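Here's the letter readout for the chains.
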Amino acid sequence: MSYYNCCMAFIRKVKTTSGATAVQIAHKQKGQIVKIIHIGSAHTDEELRILLDLAHKHLSENQLELFPEPLSSLRVEIKSSFSALLLNTLKEQYGKLGFTTLEDEIFELLCIARIVEPTSKLDSLRVLADLGVGHIDKNKLYRCLAKASTRNYRQQISQACFDHVQKHGLSLLLYDVTTLYFQVEKADEYRKPGLSKERRLEPQIIIGLLVDRNGFPLGLHSFEGNKAETKTLLPVIEAFQAQHKLSKVTIVADAAMLSASNLEALTNAGYTYIVGSRLHKVPYAIAEYQKNGELSDQQIVTMQQDDYRVIYQYRAKRAALDLRNIEKQVSKAMKAINGQIPASRMKFVSVSPKSKQLNQKLIDKARALAGIKGYVTNLDIQDEEVIAYYHQLFQIEATFRMAKSDLKARPIYHRRRDSIEAHLTIVLAALAISRRIEHQTGISIKQFVKLLRPIRSGIVTINGKEVLAEPDIPETVKKLLIRLSSGH
């Protein structure tokens, strides 16, 4: 019987004096360890996993005897490890969207780095190194930003996004705005303090974003920080129309975009639209209806105007939520009146030089409007379809959330406008890649990166000879990648 048949071999991990974890194959005979083969020492979890995989392969495939030298001389060391699978997957999606026509590898890598771990442009070098990208001169990053501006990458990215969506048809355009702030003390002609949805005081810019009904980005424009939201819609739509020569598309926007001039201009340009309606008082049609009875859940009341109609819908669930919020605001107002909290900018408090009191008229109006939402449209379709189309706006809200949280588009540290616009172009491309991955896989981009990033490839030296160690991909990830590659 051979020596190996007399022995039991097993893998063991041993802590070294330097704090590393040594992976060894131990041979035991009659309860005593008679031979130890050192596979290597790991300093990180990724390195440990690679060494354990190598040790398991040696045991299961009985490959140790293939080496010409004695087994005890086997020396395996990890030179480096990196997330090649994640890098290559994101590069593939970048290409599938047609962004490679830019022929700018640095721009591609900046987009990928923003998806994996959004950080400063300079710190992106660290992120890219972790993905297996070799050394990049930091000056190339800044030259890339300048090139993105002078060569109008934004237009090319938008065109590629449009071409991608057009394969499946484009009938609905969703539009909304948000604000991005800057950590600077002094405003200028572009970065200005304005109405912030988060009540921030820093200088900001306004971002107008167009997406399709699935939240896939089609266009992005920036405006001065103090520009009125209603005045951003037409420039964005007109630029989109001019670039793609479209007219028969329905524009969906929230109530912040509602103005007579906007609706008239959209109609004259041949667009149909659905815009949320601000309710400052109980609509006449609702008041007339309530004279004869109360509104039931999902009750719809319409008013026809010359060129459009206004649709009002009451929902009991929305009313319950509105009333709860009103009561919270009333409670907060009472605390302000009693001097428990400051009364500044309190919705239901009337402040005079001599007193503070509840604005009961405003409270009664808010309660009367609870549960009612209005929609303005020139579309000749069923009321329920109009409402369903409008509710697709949650997709653009999700895209904005992705831009602000997953991709960390803000705060912006760039000073020059061309650099700021280049940063926004990178965010636009990263949004498109992220939304495509989410649509194909059914999971968030954050979860997708979290699943793929720990799957590491490595450069391993075996007795001084470099070998590429490929990762062991879990079945769950393989299924995700199949779903991703099945998309067009």
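Because the structure is predicted, anything quoted here is derived from the model rather than measured. (Residues numbered from 1 in each chain as written. Predicted model: local features only at pLDDT ≥ 70, side-chain atom pairs only at ≥ 80, totals over all residues. Heavy atoms only, no water.)

### Points about helix 8 (residues 233–244)
Okay, step 1: The first and last C-alpha atoms of helix 8 sit 17 Å apart over 12 residues, in line with the 16 Å expected at 1.5 Å per residue.
Okay, step 2: Buried within helix 8 we find L233, L234, V236, I237, F240 and H244. Seen end-on, helix 8 carries its buried residues on one side only, within an arc spanning 165 degrees.
Okay, step 3: Residues of helix 8 that are buried make contact with helix 7 (153–166), strand 5 (172–181), strand 6 (204–211), strand 7 (217–224), strand 8 (250–253) and helix 9 (260–268).
Okay, step 4: Positive backbone phi, at 55 degrees, marks K245, one or two positions downstream of helix 8. (Helix = DSSP H or I, 4+ residues; strand = E, 2+ residues; numbered from the N terminus. Expected span 1.5 Å × (residues − 1). Buried < 20%, exposed > 50% of the residue type's maximum accessible area, 1.4 Å probe, protein only. Arc of directions from axis to C-beta. Contact = heavy atoms within 4.5 Å.)

### Some details on the side chain of T21
Okay, step 1: Tracing the chain through its elements places T21 in strand 2 (residues 21–29).
Okay, step 2: Polar side-chain contacts of T21 include one of 3.3 Å to the side chain of K15.
Okay, step 3: When neighbours within four sequence positions are excluded, T21 is seen to be in contact with K13, V14, K15, G40, S41, A42 and L48. (Polar contact = N/O pair within 3.5 Å; in protein donor to acceptor, adjacent residues only side chain to side chain.)

### Focus: the sheet that holds strand 8
Okay, step 1: Pairing in this open sheet of eight strands is mixed, and the strands run 7-6-5-8-9-14-11-10 from one edge to the other. Each end of this open sheet is capped by a strand with a single partner; those strands are strand 7 and strand 10 (299–304). The sheet shows a mean angle of 20 degrees between the axes of neighbouring strands, direction not considered.
Okay, step 2: Here strand 8 pairs with strand 9 (residues 272–277) via four bridges, running parallel. (Pairing = 2+ DSSP bridges. Axes fitted to C-alpha atoms, helices over the stretch in contact; angles between N-to-C directions.)

### Thoughts on the layout of surface pockets
Okay, step 1: When its volume is computed, the largest pocket comes out at roughly 910 Å³.
Okay, step 2: Lining the largest pocket are 21 residues, with R278, L279, D322, K347 and L369 positioned closest to its centre.
Okay, step 3: Among the elements that make up the lining of the largest pocket, the one with the highest residue count is helix 11 (residues 316–337) (five residues).
Okay, step 4: Looking at the lining of the largest pocket residue by residue, the class counts come to 10 nonpolar, five polar and six charged.
Okay, step 5: Put simply, the second largest pocket is a space of about 370 Å³. (1 Å grid on protein atoms, 1.4 Å probe; cavity = no way out; pocket = protein on both sides within 12 Å on 5 of 7 lines; lining within 4 Å. Points joined across faces, edges and corners; volume = space filled by probe spheres on them. Nonpolar A, V, L, I, M, F, W, Y, C, P; charged D, E, K, R; others polar.)

### As for the packing of aromatic side chains
Okay, step 1: Using the criterion set out here, one finds four aromatic pairs in the structure.
Okay, step 2: With 5.2 Å between their ring centres and 85 degrees between their planes, F107 and Y153 make a pair best called edge-to-face. Here Y153 lies in helix 7 and F107 lies in helix 4 (residues 105–116), a separation of 46 residues in the sequence.
Okay, step 3: Classification of F107 as buried rests on a relative accessible area of 0%.
Okay, step 4: When its relative accessible area of 2% is taken as the criterion, Y153 is described as buried.
Okay, step 5: Residues F162 and F240 carry aromatic rings whose centres are separated by 5.9 Å and whose planes lie at 75 degrees to one another, so their mutual orientation is edge-to-face. On the criterion of sequence distance, the pair formed by F162 in helix 7 and F240 in helix 8 is long-range, its members being 78 residues apart. Accessibility classification places F162 together with F240 in one group, the buried group. (Phe/Tyr/Trp six-rings, centres within 6.5 Å; stacked < 30°, edge-to-face > 60°.)

### Overview of the packing of helix 16 (residues 445–452) against helix 17 (residues 475–485)
Okay, step 1: One way to put it is that helix 16 packs onto helix 17 with a least axis distance of 11 Å and a crossing angle of 130 degrees. Of the possible angle classes, the one that applies to helix 16 and helix 17 is oblique. In this structure, helix 16 crosses over helix 17, and the sense of that crossing is left-handed. Of the residues in helix 17, those in contact with F448, L451 and L452 of helix 16 are V477, L480, L481 and L484.
Okay, step 2: Per-class residue counts for the contact of helix 16 with helix 17 are seven nonpolar, no polar and no charged. (Parallel < 35°, antiparallel > 145°, perpendicular 65-115°, else oblique. Left-handed = near helix turned anticlockwise from the far one by under 90°.)

### Some words on the pairing of strand 7
Okay, step 1: Within strand 7, six of the eight residues are buried, which leaves it mostly tucked inside the rest of the structure.
Okay, step 2: Summarising the sheet, strand 6 and strand 7 pair through seven bridges and their orientation is antiparallel. What sits directly across from I207, in strand 7, is S222.
Okay, step 3: Taken together, strand 6 and the strand that follows it, strand 7, pair antiparallel across an intervening segment of five residues, in which G215 is found at a positive phi of about 85 degrees.

### A word on helix 12 (residues 360–369)
Okay, step 1: Among all positions in helix 12, only I363, A366 and L369 are buried. All buried residues of helix 12 project into a common sector of 130 degrees when viewed along the axis, lining one side.
Okay, step 2: The elements touched by buried residues of helix 12 are helix 11, strand 13 (356–358) and strand 14 (372–377).
Okay, step 3: Two residues or fewer past helix 12, G371 is found with a positive phi of approximately 85 degrees.

### What to know about the packing of helix 6 (residues 138–150) against helix 15 (residues 417–441)
Okay, step 1: Axis separation between helix 6 and helix 15 bottoms out at 8 Å; the angle between their running directions is 90 degrees. The pairing of helix 6 with helix 15 is recorded here as roughly perpendicular in orientation. In this structure, helix 6 contributes L145, A148 and S149 to the contact, and helix 15 contributes D418, A422 and I426.
Okay, step 2: A class-by-class count of the residues in the contact of helix 6 with helix 15 yields four nonpolar, one polar and one charged.

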